[in-house]
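# Examining the three-dimensional arrangement
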Amino acid sequence: AREILTTLARRAFRRPVDTADVDRLLAFYDQGAETAGFDGGIELALRRLLVSPEFLFRIEQDPDGLAAGTPYEISDLELASRLSFFLWSSIPDDELLDLAIEGRLREPAVLEAETRRMLSDPRADALVTNFAGQWLSLRNAAAVRPDEDEFPDFGEDLRQGFRRETELLFQHVLREDLSVVELLSADYTFLNERLATHYGIAGVRGSAFRRVPLDDPARGGLLGHGSILTVTSHANRTSPVVRGKWVLENILGNPPPPPPPDVPALEETTTGQQLTMREAMEQHRANPVCASCHRVMDPMGLALEPFDAIGRWRTANQTKVPMDTRGELPDGTEFEGPAGLKTALLAHPERFVNTVTEKLLIYATGRGVEYYDAPAVRAITRDAARDDYRLTSLIMGVVKSVPFRMRSTSS
């Protein structure tokens, strides 16, 4: 029992354990063993272990003697937990923990080698699922309920297919050590027969997902994924505002401020009128208070109007009124339609890379990016530029960064 509980406690607490740690668990083992034998004792001790604050929380203890607000480098054991939960969404394995206990993990060469080892491990798929789910709003897909009258063909298999397509693209970029810009520029995607039929792409058979080349540049990359297009729509129609806001926040890293109170919804401002979506949006932003943000958001959302609320390509005949998908970025770059928007965004890839870096840093540290993190973000992006902005280079830059390796004492 002592041997079993020592091993379990070391993994659960993510640190070496002493006699007092194990004796505390053995007391519960003794209690359970009295009535249910050896297995019952281990079970009760394990239950006690799983409610321990050291298991439930990642505790980073400030060193003694430092004034409030003093920056310091976290310990090797704390670094091991940060690294493991960042890349695997789980506890450190024995190899990582041994290096931390030896005090070697913070050595630059060791830290880089461990990061690369962990990225090559299948457990790094957790980074794909959880980071992509957080950054790209894929987690919201489970709550999407398109109107059954408008979209009778939508079902759970399509919902799961949307998410899987996006996850497989992100996984491909990570596993093949590609540039993160490939997430926008890809001229291929990952489909099974159900999703290919939904997109109108022929020649894909079976339920298994596979890489499929694309002839239409509008469909390639994140902006053509049904997952993104659906979570940025309303139940019965598209939403240029939501889509434009998503592009601003998740591609350009420049989220707009919250809308002012008491602003009427689009339907309320256009009731009884037969307007194009662009005309409706222009009428909706007649309020000068709203115009400053909508002038930036709406053109990018309107460029995606050829995709309906569940990501299908549609024609002007299907929309009943003509679509005007022209627009320009905040810097004045003009574009038209989804393909034009993508080309305009790719003209300055560093903006997208900077956004991905910020999102990775938020995910890795578990806090928002502050103004004092800007130098670290710029350094990571600048260093990754020399390596074609590879996703692994961005991840490595985050791991080596000051915000990831350090913290400051509580004030």
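Sequence order as written defines residue numbering, which begins from 1 separately in each chain. Totals for whole chains, interfaces and linings use every residue, but because this is a predicted model, local features are given only for residues with pLDDT of at least 70 and side-chain atom pairs only at 80 or more, for both listing and counting. Excluding hydrogens and water, the side-chain figures rest on all heavy atoms present in the structure.

With that settled, consider a nonpolar patch on the surface. Like-charged residues within 9 Å of one another, or nonpolar side chains (Val, Leu, Ile, Met, Phe, Trp, Tyr) within 5 Å, are grouped into patches, provided each residue has over 30% relative accessible area and no salt bridge. Accessible areas in this description were obtained via Shrake-Rupley with a 1.4 Å probe; residue shielding takes into account the shown protein chains only. A side-chain nitrogen of Lys or Arg and a carboxyl oxygen of Asp or Glu constitute a salt bridge if their distance falls within 4 Å. Taken together, the side chains of Val51, Leu56, Phe57 and Ile59 present a nonpolar region at the surface, about 420 Å² in accessible area. The residue isoleucine 59 is located in the loop between α3 (53–56) and β1 (71–73) in this model. In this scheme, a residue with accessible area under 20% of its type's maximum is buried, one over 50% is exposed, and one in between is partly exposed, where area comes from a 1.4 Å probe on protein chains only. Of the residues examined, isoleucine 59 reaches a relative accessible area of 49% and is grouped as partly exposed. Helix and strand definitions here come from DSSP, where helices need a minimum of 4 consecutive H or I residues and strands a minimum of 2 consecutive E residues; each element is numbered from the N-terminal end.

Once that is clear, we can look at helix α4 (residues 76–87). The first and last C-alpha atoms of α4 sit 16 Å apart over twelve residues, in line with the 16 Å expected at 1.5 Å per residue. α4 sits mainly inside the fold: ten of its twelve residues count as buried. Every buried residue of α4 is listed here: Asp76, Glu78, Leu79, Ala80, Ser81, Arg82, Leu83, Ser84, Phe86 and Leu87. At the exit of α4 stands serine 89, carrying a positive phi of roughly 55°. To estimate how far a helix should extend, the number of its residues minus one is multiplied by 1.5 Å.

Glancing now at the nonpolar core. In this structure, Phe86 and Val180 are the most contacted members of the largest nonpolar core, which totals 72 residues. By residue number, the principal contributor to this core is helix α18 (residues 349–365), which donates seven residues. In this analysis, two residues are considered to be in contact whenever any of their non-hydrogen atoms come within 4.5 Å of each other. Apart from the residues lying within four places of it in its own chain, the contact partners of phenylalanine 86 are Leu127, Leu360, Tyr363, Ala364, Ile395, Val398, Val399 and Phe404. The nonpolar core is taken to be a set of buried Ala, Val, Leu, Ile, Met, Phe, Trp, Tyr and Cys residues, with the residues joined through side-chain atoms within 4.5 Å. If you look at the next biggest cluster of nonpolar residues, it comprises twelve residues, including Phe151, Leu191, Leu195 and Val204.

With twelve residues, helix α19 (residues 374–385) should cover 16 Å at 1.5 Å per step; its first-to-last C-alpha distance of 17 Å lies within 8% of that length. Looking only at α19, the buried set comprises Ala376, Val377, Ile380, Thr381 and Ala384. Seen along its axis, α19 keeps its buried residues to an arc of 130°; they face one direction. Contacts made by the buried residues of α19 are with α18, α20 (391–400) and α21 (402–405). The directions considered for the arc are those from the helix axis to the C-beta atoms.

On to the packing of aromatic side chains, then. Working definition: a ring pair exists when centres of Phe, Tyr or Trp rings (six-membered ring for Trp) sit within 6.5 Å. Plane angles under 30 degrees give stacked, over 60 give edge-to-face, the rest tilted. One pass over the structure, following the stated rule, counts eleven aromatic pairs. With a centroid separation of 5.8 Å and an interplanar angle of 55°, the aromatic rings of phenylalanine 131 and phenylalanine 170 are classed as tilted. With phenylalanine 131 in helix α7 (residues 125–135) and phenylalanine 170 in helix α8 (residues 156–175), this pair connects stretches of sequence that are 39 residues apart. Taken individually, phenylalanine 131 and phenylalanine 170 each receive the classification buried, so the pair is uniform in this respect. Ring centres 5.1 Å apart and planes at 75° place the aromatic pair tyrosine 371 and tyrosine 372 in the edge-to-face group. There is no split in this pair, since tyrosine 371 and tyrosine 372 are both exposed. Counting every residue linked through ring pairs, the aromatic cluster contains Phe86, Phe131, Trp135, Phe170, Phe352, Tyr363 and Phe404. A ring has a charge above it when a Lys NZ or an Arg CZ is no more than 6 Å from the ring centre and no more than 35 degrees off the ring normal. When the ring centre of tryptophan 88 is taken as reference, the NZ or CZ atom of arginine 123 above it lies at 3.9 Å. One Lys or Arg, arginine 219, reaches over the ring of tyrosine 199 and ends 3.8 Å from the middle of that ring.

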